[in-house]
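Here's the letter readout for the chains.
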Amino acid sequence: MPELPEVELVARALDRLVGGRVFVSARLLRPGLAPASTPRQFAHTLRGARVEKVGRRGKHILAELDNGHVLITHLRMTGRFLMLPARAPLPKHAHALFRLEDGRRLAFTDQRHFGLMKLTTAGLLSEARELRSLAPEPFSEEFTPAYLAGVLARTGRALKDVLLDQTKVTGLGNIYAAEVLHLARLNPFGPASGLARRSVPRLHRAIREVLGEALAHGSTMNVDPEDIDGSYFGGGYQGRWRVYDREGEPCRTCGTHIERLSRAGRSTYFCPRCQGG
């Protein structure tokens, strides 16, 4: 599933491609993609709307429209945006289609059917169920070491589990949580409330550093308009991973073999030496 860096980079690419453009028409090809709207409502709300800006909140892409509405999109596991030439065939698993004034079409495809779209008004955006409980953005002024210390102190859950909780720390998924914990030299399985106060600033810095690295790497890549999301997924950053998906390989810090433990169907990669304490 895409995490904050990938979602941010997709939002930036969409902003460059459709920012300032008008949706001549919009078709909801799979009603389950936007369950809060009927296909007729979806088409009516988006028809003739100009995209003012495409941004992000947490792992959600937000397309702000000049008619006062915002289109929220969550890619989930296999959601993809593709910009198609006017006469190109419709891709497989296309669930929504937006036609621009120049004839091009922005398609949303989703092989696994887990993606989600929702229309809301700008005034109610912060109250949308998908956004209202999200933690502060990792690069915001609100996300401070003091905030993080308070979050961790109030729960006995495993440290990694807290990092994955979007109401506590926004944007991290399984990959970047593992990377953050290795950089911070912290045990993923230790209780969050047991983390020494002096270790919190190190964890805070690691969150921002890992996410910043991924964003910087993706920002230098050329984006294929016909595979916007695919430009960032598997785009080479995995070669820089410290521990994720490197079971049995030497730790880049100490040379100890990386281990993997599976809990609740999710794998955790870590270095038993660097993160054993």
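Residues numbered from 1 in each chain as written. Predicted model: local features only at pLDDT ≥ 70, side-chain atom pairs only at ≥ 80, totals over all residues. Heavy atoms only, no water.

### Thoughts on empty space enclosed by the protein
At step 1: Applying the stated rule across the entire model yields two cavities of 30 Å³ or more.
At step 2: Its volume calculated, the largest cavity comes out at about 100 Å³.
At step 3: The wall of the largest cavity is formed by L14, V18, F23, V51, V54, I61, A63, L71, T73, F81 and L106.
At step 4: Of all the secondary structure elements, the ones that give two or more residues to the lining of the largest cavity are α1 (4–18), β2 (51–57), β3 (60–65) and β4 (69–74).
At step 5: A per-class count over the lining of the largest cavity returns ten nonpolar, one polar and no charged. (1 Å grid on protein atoms, 1.4 Å probe; cavity = no way out; pocket = protein on both sides within 12 Å on 5 of 7 lines; lining within 4 Å. Points joined across faces, edges and corners; volume = space filled by probe spheres on them. Helix = DSSP H or I, 4+ residues; strand = E, 2+ residues; numbered from the N terminus. Nonpolar A, V, L, I, M, F, W, Y, C, P; charged D, E, K, R; others polar.)

### Some thoughts on the pattern of salt bridges
At step 1: For the coordinates displayed, the defined rule picks out 13 salt bridges.
At step 2: Salt-bridge contacts for R57 lead to E137; the nearest nitrogen and oxygen are separated by 2.8 Å. Here R57 is found in strand β2, whereas its partner E137 is found in the loop between β8 (116–121) and α3 (145–153), with 80 residues between them in sequence.
At step 3: D102 is the partner of R104 in a salt bridge, and the nearest nitrogen-oxygen pair spans 2.8 Å.
At step 4: Of the residues examined, D102 reaches a relative accessible area of 37% and is grouped as partly exposed.
At step 5: Here the residues in one salt-bridge network are E8, R12, R56, R57 and E137, joined through shared partners. (Salt bridge = Lys/Arg side-chain N within 4 Å of Asp/Glu carboxyl O. Buried < 20%, exposed > 50% of the residue type's maximum accessible area, 1.4 Å probe, protein only.)

### Some details on the packing of α1 against helix α6 (residues 200–219)
At step 1: Contact pair α1 / α6: the axes reach a minimum separation of 9 Å and the direction vectors enclose 35°. Here α1 runs over α6; the crossing is right-handed. Taking contact as the criterion, the partners of L4, P5, E8, L9 and R12 in α1 are, on α6, L211, A214, L215, G218 and S219.
At step 2: A breakdown of the residues in the contact of α1 with α6 according to their chemical character gives six nonpolar, two polar and two charged. (Axes fitted to C-alpha atoms, helices over the stretch in contact; angles between N-to-C directions. Left-handed = near helix turned anticlockwise from the far one by under 90°. Contact = heavy atoms within 4.5 Å.)

### Section: the packing of α3 against α6
At step 1: Close contact between α3 and α6 brings their axes to 9 Å; oriented N to C, the two are set at 110°. Comparing their axes, α6 and α3 come out roughly perpendicular. Remark: the crossing between α3 and α6 carries right-handed chirality. The residues of α6 that touch α3, namely those facing P145, L148, A149 and L152, are V200, L203, H204 and I207.
At step 2: Tallied by class, the residues present in the contact of α3 with α6 amount to seven nonpolar, one polar and no charged. (Parallel < 35°, antiparallel > 145°, perpendicular 65-115°, else oblique.)

### Observations regarding the sheet that holds strand β6 (residues 94–100)
At step 1: The four strands are arranged β1-β6-β7-β5 in an open sheet whose pairing can be described as antiparallel. The open sheet has two edge strands with one neighbour each: β1 (23–28) and β5 (79–84). Taking the axes of each pair of neighbouring strands and ignoring which way they run, one obtains an average angle of 15° across the sheet.
At step 2: In this sheet, strand β7 (residues 105–110) lies alongside β5 in antiparallel orientation, the contact comprising six bridges. Opposite G79, over in β7, you have D110 as the bridge partner.
At step 3: Together, β5, β6 and β7 form the strand contacts of α1, whose direction differs from that of β5 by roughly 25°. (Pairing = 2+ DSSP bridges.)

### Looking at the environment of P145
At step 1: For P145, the location among the structural elements is in helix α3.
At step 2: With a relative accessible area of 32%, P145 lands in the partly exposed category.
At step 3: Setting aside residues no more than four positions away along its own chain, P145 makes contact with V200 and H204.

### Considerations on α1
At step 1: In a regular helix each residue adds 1.5 Å, so 15 residues correspond to 21 Å; α1 covers 21 Å between its end C-alpha atoms and thus fits that length.
At step 2: Taken across its 15 residues, α1 has twelve buried, putting it largely inside the fold.
At step 3: The complete set of buried residues in α1 reads L4, P5, E6, V7, E8, L9, V10, A11, A13, L14, L17 and V18.
At step 4: Positive phi shows up at G20, right after α1, with a value of about 85°. (Expected span 1.5 Å × (residues − 1).)

### Concerning the state of the cysteines
At step 1: Considering all chains together, one arrives at zero disulfides under this definition.
At step 2: Cysteine C251 remains unbridged, with the sulfur of C274 as its closest cysteine sulfur at 3.8 Å. (Disulfide = S-S within 2.5 Å.)

### What about the side chain of H182?
At step 1: Of note, H182 is situated in helix α5 (residues 174–183).
At step 2: Assessed through its relative accessible area of 4%, H182 is described here as buried.
At step 3: Ignoring any residue separated from it by four or fewer positions in sequence, one finds H182 in contact with R242, V243, C251, T253, C271, C274 and Q275.

### So, α6
At step 1: In this model α6 runs 29 Å from its N-terminal to its C-terminal C-alpha over 20 residues, within 8% of the 28 Å that 1.5 Å per residue would give.
At step 2: If you check which residues of α6 are buried, you get V200, L203, H204, A206, I207, V210, L211, A214, L215, H217 and G218.
At step 3: Of the surrounding secondary structure, the elements contacted by the buried residues of α6 are α1, α3, α4 (159–164) and α5.

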